[in-house]
Amino acid sequence: MLINKRKNQTRVNKVVLAMKKARIRQKISRYRLAHDTGLSESSVAKIEDLKQNPTLSTLIEMAISLNFDLPQAIKENFPDTADEREGEEELLTLSPTFHLAVECLKKMDEETLQVIYKVARALNGR
């Protein structure tokens, strides 16, 4: 089970690093991302430096601010089938809620995802 948790942490890290690359490519500062998401600049730094695990809602907020395709990044890093899992036991994630959210995001069409992003943004007052 520890191996699965490590694999899943690595997968989350890949998503976070892809977001960081997108931020840098767009020439968006950590300060601006922090301001846009309501996070502190130090939280953004800790997340991007892989020193702090982001919540799913934080990942969504960051993705919205960066126009980053979070569902696609999740699909690329969290396998769907047993074959893609290379013999892993049940796919474990950092939390059962995260696992459920990943599975739901994988199944949604683009229009539904955009609605979710808009609702998340509205709920956070942005």
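## Topic: the nonpolar core
Of all hydrophobic cores here, the largest spans 26 residues; its most connected members are M19, F68 and L70. Of all elements in the fold, only α1 (2-25), α2 (30-37), α3 (41-48), α4 (56-66), α5 (70-77), α6 (96-107) and α7 (110-123) reach the threshold of two or more residues within this core. At seven residues, the largest contribution of residues to this core is made by α4. Setting aside residues no more than four positions away along its own chain, L70 makes contact with V15, M19, L59, I60, A63 and Y117.

## A look at the packing of α2 against α4
Packing of α2 against α4 leaves a shortest axis separation of 9 Å and a crossing angle of 115 degrees. The two elements α2 and α4 cross, and the hand of that crossing is right-handed. Within the contact between the two elements, α2 uses L33, D36 and T37 and α4 uses E61, M62, S65 and L66. Of the residues that constitute the contact of α2 with α4, the class distribution is three nonpolar, two polar and two charged.

Definitions and limits used
Residues numbered from 1 in each chain as written. Predicted model: local features only at pLDDT ≥ 70, side-chain atom pairs only at ≥ 80, totals over all residues. Heavy atoms only, no water. Core = buried A, V, L, I, M, F, W, Y, C linked by side-chain atoms within 4.5 Å. Buried < 20%, exposed > 50% of the residue type's maximum accessible area, 1.4 Å probe, protein only. Helix = DSSP H or I, 4+ residues; strand = E, 2+ residues; numbered from the N terminus. Contact = heavy atoms within 4.5 Å. Axes fitted to C-alpha atoms, helices over the stretch in contact; angles between N-to-C directions. Left-handed = near helix turned anticlockwise from the far one by under 90°. Nonpolar A, V, L, I, M, F, W, Y, C, P; charged D, E, K, R; others polar.

Take it as geometry only, folks, not as evidence of what the structure does.
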